[in-house]
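The chain contents come next:
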Amino acid sequence: WGNFSHIEHYGDKPHFCISCGRIISRSYTALSKEAFLCSYCSTSSVTTDSQVEACRKKGIRVFEDLGITGIPLTIPIGMKPTDEMDGTLGHIYCYNSTRRDIADFKIFMTYGLPMLHFQGVLAHEMLHSWLVLYGREVTKDECEGFCNLGEAFIYTKDGSDFAGYLLRRMYKNEDLVYGEGYRLQKQRYEKLGWAGLLESLRHK
């Protein structure tokens with residue numbers, strides 16, 4: 001991003017924004033002792049129920065354009081501080097997951113994420129519910145890769161520099177589940193398109 005931080009501000013290493021990766025210089029928001037938002041990302045922090053619902057609706061619209069339908073519209077979405085999220089930005093809990101007809105969900109999101117990042121992570125979690133309800137049994141890298149692919153389309157639709165950064169970070173992720181899984185599902189999408197990819201994942 002081309003910004004700078006003087007070593008005297010923070011001791012032996014600078015802090016970085018958990019969303020955009022900028023070096024924190026002076027103005028920032030502390031989400032916890034270890035998690036910080038820069039002044040840019042802080043301006044669109046999601047902190048209210050109405051903002052959460054706006055993010056949900058944005059994700060549903062993007063998914064419907066891709067042919068992904070049937071995601072429950074009433075999944076409860078709560079927010080927690082970062083130190084209560086076990087190192088994740090979002091998490092979905094599924095109850096009765098062995099019975100599709102009675103599966104029940106609840107999503108928790110990190111409080112205060114900038115809106116675009118919040119939308120992407122929430123979209124990722126919502127796609128987990130689609131896999132439970134309509135998908136076949138998949139490996140963990142298939143599952144997280146598919147959900148990451150949906151998250152990526154939120155950023156692609158946005159087209160901002162911030163979205164580009166988030167996309168690059170996802171693609172370069174070295175994690176064998178989230179990073180490699182995403183790259184593999186992206187390759188499958190490029191070969192099959194969304195309709196073909198969904199059909200390959202759907203429960204028979």
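Structural data are supplied above this passage.
The structure presented is a predicted model; accordingly, all values stated were derived computationally and were not measured.

How should the overall build of the protein chain be read in this particular structure?
Secondary structure summary: the protein chain contains 7 helices and 5 strands in total. If you list the helices and strands of the protein chain from N to C, you get α-β-β-α-α-β-β-β-α-α-α-α. Over its C-alpha trace the protein chain gives a radius of gyration of 18 Å, about what one expects of a compact globule, namely 17 Å for 204 residues. Long-range contacts, defined as pairs at least 24 residues apart, comprise 59% of the intrachain contacts of the protein chain with a sequence gap of at least 6.

How should helix 7 (residues 178-201) be read in this particular structure?
An α-helix turns once every 3.6 residues. As a result, residues three or four positions apart point the same way. End to end, helix 7 covers just 17 Å across 24 residues, shorter than the expected 34 Å (1.5 Å per residue, more than 12% under). Considering bend angle alone, the principal kink of helix 7 is centred on Gly-193 and spans about 110°. Within the span of helix 7, buried status applies to Gly-179, Gly-181, Tyr-182, Arg-183, Gln-185, Trp-194, Leu-197, Leu-198 and Leu-201. For helix 7, the elements touching its buried residues are helix 3 (49-66), helix 4 (115-134), helix 5 (140-158) and helix 6 (161-172).

Would you take a moment to explain the packing of helix 6 against helix 7 for this structure?
Helix-helix packing: each pair is described by the crossing angle between the helix axes and the interaxial distance. Helix 7 packs onto helix 6 with a crossing angle of 105° between their chain directions and a minimal axis gap of 7 Å. Classified by the angle between their axes, helix 6 and helix 7 sit roughly perpendicular to one another. Across from Leu-167, Met-170, Tyr-171 and Lys-172 in helix 6, the residues of helix 7 making contact are Gly-179, Tyr-182, Arg-183 and Lys-186. Considered class by class, the residues forming the contact of helix 6 with helix 7 number 4 nonpolar, 1 polar and 3 charged.

I would appreciate a short explanation of unusual backbone geometry in the present structure.
Trans is the prevailing form of peptide bonds, just as negative phi is the prevailing case for residues other than glycine. You will see that Asp-86, though not glycine, has its phi angle at about 55°, which is positive. Note that Asp-86 resides in the loop between strand 3 (77-80) and strand 4 (90-95). Asp-86 sits in the exposed class, given a relative accessible area of 72%.

Criteria and thresholds
Residues numbered from 1 in each chain as written. Predicted model: local features only at pLDDT ≥ 70, side-chain atom pairs only at ≥ 80, totals over all residues. Heavy atoms only, no water. Helix = DSSP H or I, 4+ residues; strand = E, 2+ residues; numbered from the N terminus. Rg over C-alpha atoms; globule rule 2.2 N^0.38 Å. Contact = heavy atoms within 4.5 Å. Expected span 1.5 Å × (residues − 1). Bend = angle between axes of the 7 residues up to and from the residue. Buried < 20%, exposed > 50% of the residue type's maximum accessible area, 1.4 Å probe, protein only. Axes fitted to C-alpha atoms, helices over the stretch in contact; angles between N-to-C directions. Parallel < 35°, antiparallel > 145°, perpendicular 65-115°, else oblique. Nonpolar A, V, L, I, M, F, W, Y, C, P; charged D, E, K, R; others polar.

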